[in-house]
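Here's the letter readout for the chains.
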Amino acid sequence: MTEKRSLSGGILVLILGIMMCLAFSGRAYAWHSPVGRPASSTYVKNTDKRQVIIYVGDSRVMYMTCGPKKSSRRANFAFAYINGGNVTSINKNGSLTPYVTKLINKYRMRNPVIVFNFGLNGNGNVKKNAKRVIRIYRWWMKQYPDLRFVVESVNPTRLTKGSYSDKKVVKLNKRLRAAFEPEGIWMDNYTVMLNQKIIKKSGYGFKDNYHYKWKTSKKMLRIVRNWVEENVK
């Protein structure tokens, strides 16, 4: 999930993603995007009257599309993601921005809720990263004052050192929470995932040091939908 990778490293990540998808008993799966390439997937049906949730983020969101194609857990979710990208990918001229805009326009008549989940990439300097995350999220909220936005916490990693360390994640979440909780749009899944033992620092629920298994992602999608339906009016 580093922001800059060699070509060989990017190819390796893509191959691993494809292998992971194929490991699921031979059914159909969403495609994984190469490092740095924006993409989107939608599981919204006109006949399903449940809240439409547009989920925007990095490779953790990408992995939510890697599972049984007909999984009911993704019903009425639309995903926009960039493998290895930080929050600048959705700034005014960001590479992922057109994908998010397209999904918003497509489902705007259904009053979608947009959930943002960036922050893990580019978190070497927590203070600087927090400022740009807050600035860019608020830019989106200003562009669409009629829509509802939710800021999800950056969720746990297993690392103890480096820019992806869990310690830095906690520090980033503290700043994001201070900015968005007073507005009632802060979703603290970091705490929920640990308290409900959906993941454990020993490795349970993790695919690697900072990505989650499909089983974990399914549980996260349930939590997100429940939170949105209970808290977003």
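Note that the structure is a prediction, hence the values are computed from the model and not measured. (Residues numbered from 1 in each chain as written. Predicted model: local features only at pLDDT ≥ 70, side-chain atom pairs only at ≥ 80, totals over all residues. Heavy atoms only, no water.)

**Q** Account for helix H7 (residues 214–231), naming residues and giving values.
**A** Helical periodicity: at 3.6 residues per turn, an α-helix aligns residues three or four positions apart in one direction. With 18 residues, H7 should cover 26 Å at 1.5 Å per step; its first-to-last C-alpha distance of 25 Å lies within 8% of that length. Regarding H7, the residues found buried are Trp-214, Thr-216, Ser-217, Met-220, Leu-221, Ile-223, Val-224, Arg-225, Trp-227 and Val-228. Residues of H7 that are buried make contact with strand E2 (53–57), strand E3 (77–82), strand E4 (113–117), strand E5 (148–152), strand E6 (186–187) and helix H6 (189–195). (Helix = DSSP H or I, 4+ residues; strand = E, 2+ residues; numbered from the N terminus. Expected span 1.5 Å × (residues − 1). Buried < 20%, exposed > 50% of the residue type's maximum accessible area, 1.4 Å probe, protein only. Contact = heavy atoms within 4.5 Å.)

**Q** So what's going on with the pairing of E4? Residues and values would help.
**A** Most of E4 sits inside the fold, with five of its five residues counted as buried. Burial along E4 is two-sided: the residues Val-113, Val-115 and Asn-117 and Ile-114 and Phe-116 are all buried. Here E2 runs beside E4; their pairing, made up of five bridges, is parallel. Pairing of Gly-57 across the sheet is with Asn-117, part of E4. Bridging between E4 and E5 involves four bridges; their strand directions are parallel. Across the sheet, residue Val-115 finds its bridge partner in E5, namely Val-150. The parallel pair E4 and E5, bridged by helix H4 (residues 126–143), forms a crossover whose chirality is right-handed. (Pairing = 2+ DSSP bridges. Right-handed = clockwise from strand over helix to strand, strands pointing away.)

**Q** Describe in detail the sheet that holds E2, supporting the description with residues and values.
**A** Strands in a sheet are paired, the pairing made by backbone hydrogen bonds, and the direction either parallel or antiparallel. Reading across from one edge, E1-E3-E2-E4-E5-E6 is the order of the six strands in this open sheet, with mixed pairing throughout. Of all strands in the sheet, those bounded by a partner on one side alone are strand E1 (38–42) and E6. Each of E4 and E5 touches H4; the most contacted strand, E5, lies at about 165° to it. Relative to E2, H7 is tilted by about 125°, and along the sheet it contacts E2, E3, E4, E5 and E6. (Axes fitted to C-alpha atoms, helices over the stretch in contact; angles between N-to-C directions.)

**Q** An account of the side chain of Arg-60 is needed here, citing residue identities and associated values.
**A** Secondary-structure assignment places Arg-60 in helix H2 (residues 59–62). Within the structure, the side chain of Arg-60 is placed 2.8 Å from the backbone oxygen of Pro-156, a separation counted as a polar contact. Residues within four places of Arg-60 in sequence aside, it is in contact with Leu-120, Val-154, Asn-155, Pro-156, Thr-157, Tyr-210, His-211 and Tyr-212. (Polar contact = N/O pair within 3.5 Å; in protein donor to acceptor, adjacent residues only side chain to side chain.)

**Q** Help me get a handle on the packing of aromatic side chains, residues and values and all.
**A** Tallied over the full model, the rule gives 12 aromatic pairs. Measuring from ring centre to ring centre gives 6.1 Å for Tyr-55 and Phe-79, while their planes differ by 20°; the resulting arrangement is stacked. Note that Tyr-55 is positioned in strand E2 and Phe-79 in strand E3, a separation of 24 residues in sequence. Among the aromatic residues, ring-to-ring pairing joins Phe-116, Tyr-137, Trp-139, Trp-140, Tyr-144, Phe-149 and Phe-180 into one connected group. Directly above the ring of Tyr-204 sits Lys-200, whose terminal nitrogen or CZ lies 5.6 Å from the centroid. (Phe/Tyr/Trp six-rings, centres within 6.5 Å; stacked < 30°, edge-to-face > 60°. Lys NZ or Arg CZ within 6 Å of the ring centre and 35° of its normal.)

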